[in-house]
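Given next are the chains, with one letter for each unit.
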Amino acid sequence: MIADNRRVGTMIVVMSLLFISISYGKTTKIESATTTSFLTEHTISEESSQKDSDGESKKSGGIFPVGALHDVIREERNEALLEIDKERKATLVYLTLERRAVVDELKTELNRLTDLLQSERRATMVEMETIGNRFVENAILKSERLIDHFFIRVIQLALIIILAFSILSFIIFRIVVKRKSNSL
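Here the structure is a predicted model, which means the values were calculated and not measured.

Looking only at helices and strands, the chain features 3 helices and 0 strands. When its helices and strands are written in sequence order, the chain yields α-α-α. For the chain, the residues scored as buried account for 6% of the 184 residues in total. Summing over all exposed atoms, the chain offers an accessible surface of approximately 16,400 Å²; the carbon and sulfur share of this is 68%.

What follows concerns a nonpolar patch on the surface. Taken together, the side chains of L157, I161, F165, L168, I172 and V176 present a nonpolar region at the surface, about 560 Å² in accessible area. The topology assignment puts I172 in helix α3 (residues 66–183).

Our focus in this paragraph is α3. If you check α3, its first and last C-alpha atoms are 168 Å apart, about what 118 residues at 1.5 Å a residue would give, namely 176 Å. Looking only at α3, the buried set comprises V66, G67, R74 and N78.

Evaluation of the coordinates by the stated rule reveals 4 salt bridges. Of the charged contacts in the structure, one is a salt bridge between D85 and R88, with a shortest N-O distance of 2.6 Å. One end of the pair, D85, and the other, R88, are both in helix α3, 3 residues apart, so they sit about a helical turn from each other. On the accessibility criterion, D85 (25% relative accessible area) is partly exposed. According to the relative accessible area criterion, R88 is partly exposed, its value standing at 44%. For E109, the salt bridge is made with R112, and the minimal N-O distance between the two is 2.5 Å. Taken together, the residues E109 and R112, both in helix α3 and 3 residues apart, mark about one turn of the helix. Judged by relative accessible area, which is 34%, E109 ranks as partly exposed.

Averaged over the chain, the pLDDT score is 80; the fraction of residues at 70 or greater is 75%. Predicted confidence in the chain is weakest over helix α2 (residues 46–59), with a mean pLDDT of 46, and strongest over α3, with 92. In this model residues 27–60 is a low-confidence stretch, pLDDT under 50, and it forms 26 contacts with partners more than four residues away in sequence or in other chains.

This part covers the side chain of R74. Mapped onto the elements, R74 comes out in helix α3. Looking at R74, the relative accessible area reads 11%, which means it is buried. A distance of 2.9 Å separates polar atoms of two side chains, one belonging to R74 and the other to D71.

About the thresholds
- Residues numbered from 1 in each chain as written.
- Predicted model: local features only at pLDDT ≥ 70, side-chain atom pairs only at ≥ 80, totals over all residues.
- Heavy atoms only, no water.
- Helix = DSSP H or I, 4+ residues; strand = E, 2+ residues; numbered from the N terminus.
- Buried < 20%, exposed > 50% of the residue type's maximum accessible area, 1.4 Å probe, protein only.
- Areas by Shrake-Rupley, 256 points an atom, 1.4 Å probe, with all protein chains shown as cover.
- Patch = residues over 30% accessible without salt bridge, like charges linked within 9 Å, V, L, I, M, F, W, Y side chains within 5 Å.
- Salt bridge = Lys/Arg side-chain N within 4 Å of Asp/Glu carboxyl O.
- Expected span 1.5 Å × (residues − 1).
- pLDDT = per-residue confidence, 0-100.
- Contact = heavy atoms within 4.5 Å.
- Polar contact = N/O pair within 3.5 Å; in protein donor to acceptor, adjacent residues only side chain to side chain.

Shown next, in the form of structure tokens:
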């Protein structure tokens, strides 16, 4: 029975201390919330969360340790941020690989198009050279025909003139011979 009385006494002391710490924690939370809300801005940085949680863990106590809850929340947030950072890095690596693959594909396509354009240019140059050669050959043939035609016409003209002079000279010769034979 004495042991039970001691247990009851210690439990009363512990309970009273817990109630006092809870009430003290509530008053400090209210005071700190009213004073800090007007004096400071809230940020989402890790340092400010550590300062807030450290300050509250020192001031508050009770059945639910608020400081420990803030530490757990901060740890969860840090783990979430680290996971997000890992995902971001993995996404950046994936996007970098994709970008490199696209750039390589574009370079390959550019090289293919450049080779295609060069081969088309070469083919066009060969065709133009062939067409130019045909024009030159046709021009030479036409000029040869023109020259041949010109010389044939000149020879024909010369033959007609020679024929005309020979007929004229024959006529003149006949007239002269006839006059001589008539005068004799």
